[in-house]
Amino acid sequence: MLNLTLIIYSKTAIRHISESVFMGLCSKVGTSQLVAMRRDVVDIWEMVNNQVNQINGRRMMKSGSQREGFRLVGSDTDMMYWPNNHHVIWELSQSQYYNTHRKTLIICDCSDSPPGFTLLYLLSPSMNRDIQRACVRMYNRYYISSSKYRQIVCSDYIPHGPCASAKFLTVEFDFAYCLACDFWPPPASSWIDRCHSWPQPHVVDDIVKNGCHFVAVGHKLGNHENHEWRISFSLAEQKLVNAMNHCQFLTYGLLKLFLTEIINNGLGDDDRLLCSYHMKTTVFWVIQQNTIPHWCPQNLLGGFWLCFKLILNWVYEGVCPNFFIPDNNMFLCKIHGEKQYQLFNRLYGLYEKGITFLLHSPSIRSYIIDVLHNPRLSICTDDHTLISEHGFDRDLYHEMGCHDTFYFFNIPMYMRCLHTIEQMVHVGSPLITQYNVPMLQKLTSTLLYKTAFIVYMETYTHKNKLRYRADKISCHMLKLAAKFGFISDRLYIAMYYYKTLRYMEALSILEMIKVKLAQPYATYMSNFFLGPEMYPEAVRGQSWSLKMRQTVAWSNRLYHEIHYINELIPEQQSAQQNKDSALDIPPFILLYMLEILCYKHVDTMIALAALDDLQTLIHYDQGQFIPSIDRDISWRILEICQQEIRNL
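Parameters at a glance
Residues numbered from 1 in each chain as written. Predicted model: local features only at pLDDT ≥ 70, side-chain atom pairs only at ≥ 80, totals over all residues. Heavy atoms only, no water. Helix = DSSP H or I, 4+ residues; strand = E, 2+ residues; numbered from the N terminus. Buried < 20%, exposed > 50% of the residue type's maximum accessible area, 1.4 Å probe, protein only. Axes fitted to C-alpha atoms, helices over the stretch in contact; angles between N-to-C directions. Parallel < 35°, antiparallel > 145°, perpendicular 65-115°, else oblique. Left-handed = near helix turned anticlockwise from the far one by under 90°. Contact = heavy atoms within 4.5 Å. pLDDT = per-residue confidence, 0-100. Salt bridge = Lys/Arg side-chain N within 4 Å of Asp/Glu carboxyl O. Nonpolar A, V, L, I, M, F, W, Y, C, P; charged D, E, K, R; others polar. Core = buried A, V, L, I, M, F, W, Y, C linked by side-chain atoms within 4.5 Å.

### Digging into unusual backbone geometry
Here the residue pair Trp198 and Pro199 is connected by a cis peptide bond, since its omega of -5 degrees sits within 30 degrees of zero. Turning to its location among the elements, Pro199 is positioned in the loop between helix 7 (189-194) and helix 8 (201-209). In the Ramachandran plot, Tyr139 falls in the positive-phi region, its phi being about 50 degrees despite a non-glycine side chain. If you trace the backbone, Tyr139 turns up in the loop between strand 6 (135-138) and strand 7 (141-144). Residue class for Tyr139 comes out exposed when judged on its relative accessible area of 53%. Even without a glycine there, the phi angle at Leu501 is positive, about 70 degrees. With respect to the secondary-structure elements, Leu501 resides in the loop between helix 19 (491-499) and helix 20 (503-517).

### A look at the packing of helix 12 (residues 300-317) against helix 13 (residues 337-353)
Interaxial distance between helix 12 and helix 13 falls to 9 Å at its minimum, and their mutual angle equals 150 degrees. Viewed along their axes, helix 12 and helix 13 adopt a mutual orientation that is roughly antiparallel. Remark: the crossing between helix 12 and helix 13 carries left-handed chirality. Judged by residue contacts, Trp305, Phe308, Lys309, Ile311, Leu312, Val315, Tyr316 and Glu317 of helix 12 engage Gln340, Leu343, Phe344, Leu347, Tyr348, Leu350 and Tyr351 from helix 13.

### Describing the confidence of the model for the protein chain
The predicted model of the protein chain averages 88 in pLDDT, with 93% of residues at 70 or higher. Within the model, the stretch residues 1-8 combines pLDDT values under 50 with 11 contacts to residues more than four positions away or in other chains.

### Concerning the pattern of salt bridges
One pass over the structure, following the stated rule, counts 17 salt bridges. Ionic pairing is found between Asp43 and Arg67, a salt bridge with its closest N-O pair at 2.3 Å. Residue Asp43 is found in helix 3 (residues 32-53), and its partner Arg67 is found in helix 4 (residues 64-68); the two are separated by 24 residues along the sequence. Residue classification places Arg67 among the buried positions, given a relative accessible area of 5%. Salt bridges here are not isolated pairs; linked through shared partners, they connect Asp43, Glu46 and Arg67.

### Describing the packing of helix 3 against helix 15 (residues 389-402)
Two quantities define a packed helix pair, namely the angle between the helix axes and the distance between the axes. At a closest axis distance of 10 Å, the pairing of helix 3 and helix 15 adopts a crossing angle of 20 degrees. In terms of orientation, helix 3 lies roughly parallel with respect to helix 15. As helix 3 packs across helix 15, the resulting crossing turns out to be right-handed. For the pair helix 3 and helix 15, the contacting residues are Gln33, Leu34, Met37, Arg38 and Val41 in the first and Phe392, Asp395, Leu396 and Glu399 in the second. Looking at side-chain class alone, the contact of helix 3 with helix 15 contains 5 nonpolar, 1 polar and 3 charged residues.

### Some remarks on the nonpolar core
Buried together is how nonpolar side chains tend to be arranged in soluble globular proteins. Phe214, Leu274, Phe324 and Leu347 are the most contacted members of the largest nonpolar core, which totals 209 residues. Phe214 has contacts with Val88, Trp90, Cys108, Thr118, Leu120, Cys178, Leu179, Cys181, Trp229, Arg230 and Ile231, leaving out every residue within four places of it along the chain.

Printed below as a string of C-alpha cells:
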C-alpha cells in the first residue's frame with residue numbers, strides 16, 4: 001500500500017517527504033548549529049592538548065564519527081597519536097626542509113606494495129625505542145615493521161585491528177599509533193586534478209599542505225603484509241566533512257543509519273561486510289561528481305538514492321575505489337565470491353522496493369509516514385527552530401563535560417597549558433569561536449584545581465614555611481577555578497579544606513553550593529532539575545560563560561594520580577584496577593559526603609542528619625541526581641559515611 005502511495009505521489013510530494021526526513025535527521029543527528037559547536041569544542045580541546053603534548057614529543061588527533069560531529073549510538077571515538085620528531089618523506093629532496101640533527105627522517109618505498117600501502121625505512125637513526133625495536137633489516141636497509149610496531153605500542157591495551165582499545169570511564173576508545181608526513185602522497189595526486197567543483201580550492205590547498213598519516217597495518221595481499229603501512233587520510237576526510245553543507249552531512253548521517261538499522265541489522269560481526277567508511281566514501285564520490293545541482297532539504301532523498309545506487313553498483317562489480325587513491329579497491333579481500341553475491345541480492349531487493357525501504361529504519365520511519373498520512377503537512381526546514389536555548393545549552397555543557405580532561409599529570413605541563421590558553425585568549429586565536437570561550441574557561445578551571453592538589457601533594461612532607469606558601473597558592477588556585485568553572489567545581493575547594501582540617505570553611509562552601517544547586521534553573525549533567533520552563537526566564541540572553549557558572553553541575557572527576565581525600569583513595573584504587581582512568585562522583589553525593597565528614601568533627605547530630613539525607617537521596621532518586629552509571633559509587637560512598645560516623 002505504501003509502495004503504491006509513493007508511486008502515485010508526484011515529485012513535489014517526494015520533495016515534501018525529503019523535507020520531513022531532513023528535519024527528522026536534524027533532530028536525530030543534529031542541527032547545523034549543534035554540529036558546528038561539537039566540532040569547535042573538539043578543535044579547542046585538541047589544540048590545547050597538542051600545545052602541551054609537544055613536551056612529550058608527540059601529537060594527537062581525534063578522528064572518526066565523533067570528530068566529524070556525530071553523536072549517534074555507536075559512533076566511533078578514535079584517537080591518533082604520532083611522534084612529532086619523526087617525519088615521513090616521499091623523496092630524498094624533501095629532506096632539505098628538516099634539521100636532521102633533531103628530526104628522524106623516514107622514507108616511503110611503494111615499489112612493491114599494493115595501492116594505498118607502502119613500506120617505510122629509516123633514512124636517519126631514530127632515538128625512539130619503540131621504533132628501534134620495530135625495525136627489521138631488508139634490502140640492506142632498516143624498515144619499520146608495522147606488525148612489530150603495533151605489537152609494541154599496543155602491548156598494554158586490547159588489540160583491535162590496527163588500533164588499541166581502551167576505556168575511559170564509560171567511553172570506549174580506539175587508539176591508533178601512527179607516523180606523520182607533511183607532504184601530499186604522490187599516489188593521490190590525481191585527487192587534486194579531480195577537484196573541479198568540490199571541495200573549494202582553499203579547502204584543497206589546506207588538505208594538501210597538511211599531508212597524510214601512516215597507520216600500522218599492511219595489505220592482506222601485499223608481499224610484505226607484516227611490514228607495510230596503510231596511507232591514512234583521516235585529517236583530509238575531517239576537512240572534507242567540514243566542507244559539506246548541512247544537507248550533504250545529513251545525507252551522510254542517513255547512510256550511517258541505513259547501514260546500522262537496515263543493512264547490518266541482525267547480522268553478526270563477521271557478516272557485516274559494509275562499514276561506515278564505505279558510506280563516507282560514497283558521499284564523497286557523489287558530491288564530487290556533481291550529479292545533484294543543489295544539495296538542499298527538498299533533494300535530500302534524491303542525494304541518498306544516488307549514493308545507494310552507487311553502493312549497489314560497487315557491490316555488483318566488487319570494486320569500491322578509495323576516494324583519494326582510486327586504484328585502492330577497498331572491497332578487495334572482503335567482498336567477493338558467495339558473500340558478494342548474497343550482499344548484492346539483499347541490496348537489489350531493497351532497490352526494487354524503492355525509497356520506501358527507509359520505512360524499515362526506526363529513526364526515519366515516522367517522518368515518512370507523517371507526510372504520507374498528511375500530504376499537506378507544513379514543514380519548516382529552518383533547523384534553527386528545532387532546538388531551544390535550553391536544549392542547545394544542555395548539549396554544549398555536555399560536550400564541555402566530555403572533553404574536560406587532560407592526559408598528563410605534572411605541574412610544568414599544567415602551567416604550560418594555562419599559558420597556552422592565556423596566549424590564545426589575549427592574542428586572539430582564529431580557533432576561538434563563540435562556543436570555545438566557555439570551553440576555555442572550563443579547561444582553565446580543571447587545570448587550576450588539579451594543580452592545586454598536586455602542589456599540596458608535592459609539598460606535604462616539606463618544612464612548615466614552604467608548606468604554608470604552597471597552601472596559599474593552592475587556595476588561590478581553587479578560588480580562581482570556582483570563578484571559571486561549573487557550580488560543582490566549588491566542591492574541590494570543600495574537599496581541599498576538609499583535607500587540610502578546615503572543617504568550618506568547608507561547610508561554608510558546601511552551604512553556598514547547596515544554595516546554587518537549589519535554583520530551579522540549575523542543570524545537572526544532561527537533566528534539568530525542574531525542567532526547561534524556568535531556565536530561559538532566568539538566564540535568557542546571558543553569555544554561556546555566565547550561564548555555566550550559575551547553572552551547571554557536572555560529576556566531579558577524581559583522577560588516580562591525585563589523592564583528594566583519604567576516604568576516597570580505596571575507591572580510586574579500585575577504579576584503577578578496573579582499568580578506569582578516573583572516578584566520577586555525582587555532585588550531590590560528594591556534597592553530602594563532605595558534609596557528613598566535616599560535621600563528624602563539629603557536630604555529630606548534624607552529621608547523622610546529613611547521613612539520613614544521603615541515604616534518602618540514594619534510595620529514592622529516579623535518575624534525576626544520580627545517573628544509573630554512578631549508582632554503584634553512590635552506594636559505596638554511603639557505606640563509607642556510615643562507617644565513618646560509626647553507624648554500622
